[in-house]
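Observations on the three-dimensional arrangement
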Amino acid sequence: MVSQKVDLLKNEIPFEEESVVFSEDVKTGLVLVDIINGFCTVGAGNLAPREPNRQISEMINESARLATIFCDKEWPIMAFLDSHRPDKLEPPYPPHCITGTDESNLVPALQWLEREPNVTIRRKDCYDGYLGSMEEDGSNVFVDWVKTNRIKTLLVVGICTDICVLDFVCSTLSARNRGFLSPLEDVVVYSRGCATFDFPVSVARNTKDSIAHPQELMHHVGLYMAKGRGAKIAREVSFGAPEKP
């Protein structure tokens, strides 16, 4: 019954997914959003999954696969890690991913990225990696990363599809449209490389001050909203050789 309702709602807000081929001719950067223990590793914290989750596991596997390809090619990667000071929390969510704890670290499958020279790691204290890249002097680490690497296409993966991934994508597209991110042209969100959390209605009804968050539906909604803001949604991604003149 629940699956039928989700399918019905998906049919009401459909969107097109593409097969995207990344060429050696176009400078591409990979952005990993919050693929950390506090959101992905079973039992790791207040917002971590309580049991193994297929969607999250696939997201980690696909993100690790893409990160390996980008490192082999020496293409730029930026990894956002949610990281909060104990006195600067993030309502309405409970304390999570506190700075200095293992919650705010990359999942085991991606920890090797910390040693890679083409990887920039940014710890952020808000949903949105774009805003979370602002420095006190007004500079922006993410903007500088795009400009320094002359990135024309961004490939975005991570968690949560409808929260941190979506917020980052929307801010990035708005900044691109205003001319703040030249030479950036395209933002691609890889659907299998993204995931969100599951908080079904049956549980939410019995939990004070909580709202339901059905995983499959909200994953779809996040991708739909990103598409509506101007992102490309990829069902599969591949890498091609440079085009011959």
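The model shown is predicted, which means the values in this text are computed figures rather than measured ones.

Another aspect to go through is the environment of valine 42. Among the secondary structure elements, valine 42 is positioned in the loop between α2 (37–40) and α3 (54–73). Once residues lying within four places of it in the same chain are set aside, the contact partners of valine 42 are Pro49, Arg50, Glu51 and Pro52.

A separate point is the packing of α3 against helix α7 (residues 215–229). Between α3 and α7, the least distance of the axes is 11 Å, while the angle of their chain directions is 45°. Relative to α7, the element α3 is oriented oblique. Here Arg54, Gln55 and Ile56 of α3 lie close against α7, whose contacting residues are Gln215, Glu216 and His219. Here the contact of α3 with α7 is built from residues that sort into 1 nonpolar, 3 polar and 2 charged.

Here we take up helix α4 (residues 141–149). All of the buried residues in α4 are Phe142, Val143, Trp145 and Val146. One side of α4 carries all its buried residues, which in axial view fall inside an arc of 160°. Those residues of α4 hidden inside the fold are in contact with β2 (28–33), β3 (77–82), β4 (119–124), β5 (153–159) and α5 (164–177). The residue sitting at the N-terminus of α4 and contributing the capping side-chain oxygen is asparagine 140; that oxygen lies 2.9 Å from the backbone nitrogen of phenylalanine 142. Where α4 terminates, the next one or two residues include arginine 150, which has phi positive at roughly 55°.

What follows is about the packing of aromatic side chains. Inspection of the entire model under this criterion finds 10 aromatic pairs. Seen in terms of ring centroids, tyrosine 93 and tyrosine 127 are 6.2 Å apart; in terms of plane orientation they differ by 75°. Their pairing is edge-to-face. A residue pair is termed long-range when its members are at least 10 positions apart, and tyrosine 93 in the loop between β3 and β4 and tyrosine 127 in the loop between β4 and α4 qualify at 34 residues. The structure contains a cluster of three or more aromatic residues connected by ring pairs, namely Phe80, Tyr130, Phe142, Trp145 and Phe168. The cationic tip of lysine 73 hangs over the ring face of tryptophan 75; the distance from NZ or CZ to the ring centre is 5.3 Å.

What counts, and at which threshold
- Residues numbered from 1 in each chain as written.
- Predicted model: local features only at pLDDT ≥ 70, side-chain atom pairs only at ≥ 80, totals over all residues.
- Heavy atoms only, no water.
- Helix = DSSP H or I, 4+ residues; strand = E, 2+ residues; numbered from the N terminus.
- Contact = heavy atoms within 4.5 Å.
- Axes fitted to C-alpha atoms, helices over the stretch in contact; angles between N-to-C directions.
- Parallel < 35°, antiparallel > 145°, perpendicular 65-115°, else oblique.
- Nonpolar A, V, L, I, M, F, W, Y, C, P; charged D, E, K, R; others polar.
- Buried < 20%, exposed > 50% of the residue type's maximum accessible area, 1.4 Å probe, protein only.
- Arc of directions from axis to C-beta.
- Polar contact = N/O pair within 3.5 Å; in protein donor to acceptor, adjacent residues only side chain to side chain.
- Phe/Tyr/Trp six-rings, centres within 6.5 Å; stacked < 30°, edge-to-face > 60°.
- Lys NZ or Arg CZ within 6 Å of the ring centre and 35° of its normal.

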